[in-house]
Structures are given as C-alpha cells and as structure tokens.
Amino acid sequence: MGKKIIGIFSGKGGVGKTTIASNLAIILSQAQKKVTIVDCNFTASHLSFHFNFHLTPLTLNEVLKGKAKIDDVIYKFHDVNVIPASLDPYEIIGIDISKLGKILKRELGHQDFILLDTAPGFGKEVLTAAEMCDEAIIVSTPDVPAITDVIRGRRILEDMGIKLKGIVLNKVTGKRFEFTAREIEALADLDVLVEIPFSYKFLESLALRVPLVIYHEKSIPALRFYGLASHILGEKFLPSLTLGDKIKIIFQKTLKKY
C-alpha cells in the first residue's frame, strides 16, 4: 500500500476533531503502519496538547518559512510521528501553506498514512490543506448546526474531487433529541463510519495529555477507534480482548458507563 494523505475535517469547532485524529493515529500505528499526524490548524493549534508536547523548539511554521527541515519538527509519541504547528498566533505571518503538500509528499513518502488535523470550518486555510488530501473524514456531533455544516462540507470537498470516506459521529449520548446515525446518513448523503459515545474519560485523557486509546484502552469509546481504523485500512483490525475484558464491556454497555 502506498502513502495515503487523509484529511480530518469538521464544519465547526468543538466537535472533537483533534481528539478523533490523535486517537486514530495511535490505532493505525498499532496496526503496524507508519503514521504521521500533521497539525494544519495554524490559527489555533491544539494537536501538541494531545500528545504531551508543550513548548516545542521548532514547529511546522519554521518549515513553511524555510527556516527548518521537516525532520527537525517531527516529534515521537509512541510509534506516531507528530508534526505540531506553532502555538504563537503571530507565527502564521509569512508562512505559505500551499508549500506543505509538496514537502509532505517529498519528505514523507515512506509513511503509510499522513493524517492532517485541519482547522474547523471550510475557510481558505482548510481548503489549502484539503488540496493535499487523497481522502477525507468529516467529524460531527449529532445536532442540527453540526450536521448542517457536514452537508456544506461534503459539497465543498466533493467539488474539489476529494474522496469522502464518511462521517465520524462523536459525543453521542443516545438522547431522543439527537439525530440518529440513519437520519444523518439520509440528510448528509454520507455513511456514518462509527459512533463514538460521549465519555468523561476523553476529558480525563486530555488533562493527562495522552490519547484515550492508551489511557483507557479497553473502554467502549476507545474500542470504537478499531472500527474506524478498519474502514481506513480496508480490512478488519480488532483488539486483543481477554474474557475479563469482554465481561467489563458488557457491563459498560448495560450500565452505559463509558
């Protein structure tokens, strides 16, 4: 399998896009794939917090200014290559995002997957990132504003000729006022790849700056990322579960304690 660049998009902020991207990167690496995740949110970078990086000496911004090479800004978290953007909002001055696609394809051709964690919405910054992508995933919550933006985003990405894998439905509570996956598929004309239930464990893992699939690896929300990875890989990728794990999962589902 050759290198594949996958954009992780969202129509609005707050739906958990970076959380989905960071956890997916970990699971793909557990499938013995070479994975790099790139922070393409230059105006409001957050990716480094999810991998316990604080103040990195160099970032992608320096690469795009011609002041550093891509190898200088790759930071390792477990087996994942993480390329952060600057936390300084003024560091966006003087960068040319359009250079990024050529740099990634030239310097990271040995990778199996490159995940682009984009900014919310579909402004110029995001559309420039989209031009680099082979495939795209849209992250959404099951509410009216988010689904409206999914529909808008689907049209934009399809008009750009980007293959859409589908929707990751995040922060699902199962309450009656939420859209169901079937309703969302009918409205957006896109498959729902996986539903990630709402869990306070995500907030705990972010506070500890470690992805949920490592922090609480046998929880139902974490296990759903194996289903998402299976869609990306084109084959089933399942976790190793003991009998005790399976019993705990049954209790989680019964009690809805995620």
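Conventions we followed
- Residues numbered from 1 in each chain as written.
- Predicted model: local features only at pLDDT ≥ 70, side-chain atom pairs only at ≥ 80, totals over all residues.
- Heavy atoms only, no water.
- Buried < 20%, exposed > 50% of the residue type's maximum accessible area, 1.4 Å probe, protein only.
- Helix = DSSP H or I, 4+ residues; strand = E, 2+ residues; numbered from the N terminus.
- Pairing = 2+ DSSP bridges.
- Axes fitted to C-alpha atoms, helices over the stretch in contact; angles between N-to-C directions.
- Salt bridge = Lys/Arg side-chain N within 4 Å of Asp/Glu carboxyl O.

J.: Honestly, the pairing of strand 5 (residues 113–118) in this entry has me stumped. Any pointers?
T.: In regular strands, side chains alternate between the two faces of the sheet. The element strand 5 is extensively covered by neighbouring structure, given that six of its six residues are classed as buried. Every second residue of strand 5 is oriented toward a common face, with Phe 113, Leu 115 and Asp 117 on one face and Ile 114, Leu 116 and Thr 118 on the other, all of them buried. Direction of pairing for strand 1 (residues 4–10) relative to strand 5: parallel, over a ladder of five bridges. Bridge pairing in strand 5 places Ile 5 opposite Ile 114. Here strand 2 (residues 35–40) pairs with strand 5 via six bridges, running parallel. Among the inter-strand pairings, Val 38 is bridged to a residue of strand 5, identified as Leu 116.

J.: Looking at this structure, how should I read the environment of Ala 25?
T.: Looking at the element boundaries, Ala 25 is found in helix 1 (residues 17–30). A relative accessible area of 0% means that Ala 25 is categorised as buried. Through-space distance from the C-alpha of Ala 25 to that of Asp 79 is 9.3 Å; in sequence the pair is 54 residues apart.

J.: Would you mind going over the sheet that holds strand 7 (residues 163–172) with me for this structure?
T.: In any sheet, the strands associate via hydrogen bonds between backbone groups, in a parallel or an antiparallel arrangement. An order of 3-4-2-5-1-6-7-8 is seen for the eight strands of this open sheet, with the pairing classed as mixed. The open sheet has two edge strands with one neighbour each: strand 3 (75–77) and strand 8 (192–197). Here the strands of the sheet are splayed against their neighbours by 25° on average, with no regard to which way each runs. As judged from the three bridges shared by strand 3 and strand 4 (residues 80–83), these two strands associate in the antiparallel manner. Looking at the pairing, Lys 76 lines up with Asn 81 of strand 4.

J.: Looking at this model, I keep getting lost on the pattern of salt bridges. Mind explaining?
T.: Where side chains of opposite charge bring their charged atoms close, a pairing between them can arise. Scanning the entire structure with this criterion turns up eight salt bridges. Linking Lys 65 and Glu 91 is a salt bridge whose minimum nitrogen-to-oxygen distance equals 2.9 Å. Here Glu 91 lies in the loop between strand 4 and helix 4 (100–107) and Lys 65 lies in the loop between helix 3 (60–64) and strand 3, a separation of 26 residues in the sequence. Between Arg 152 and Asp 149 there is a salt bridge; the shortest N-O distance is 2.2 Å. Residue Arg 152 and its partner Asp 149 are located together in helix 6 (residues 144–159), separated by three residues, close to a single helical turn. Of the residues examined, Arg 152 reaches a relative accessible area of 45% and is grouped as partly exposed. For Asp 149, a relative accessible area of 14% translates into the label buried. Several salt bridges converge on common partners, so that one network encompasses Lys 4, Glu 135 and Lys 163.

By themselves, these observations are geometric and do not establish any function.
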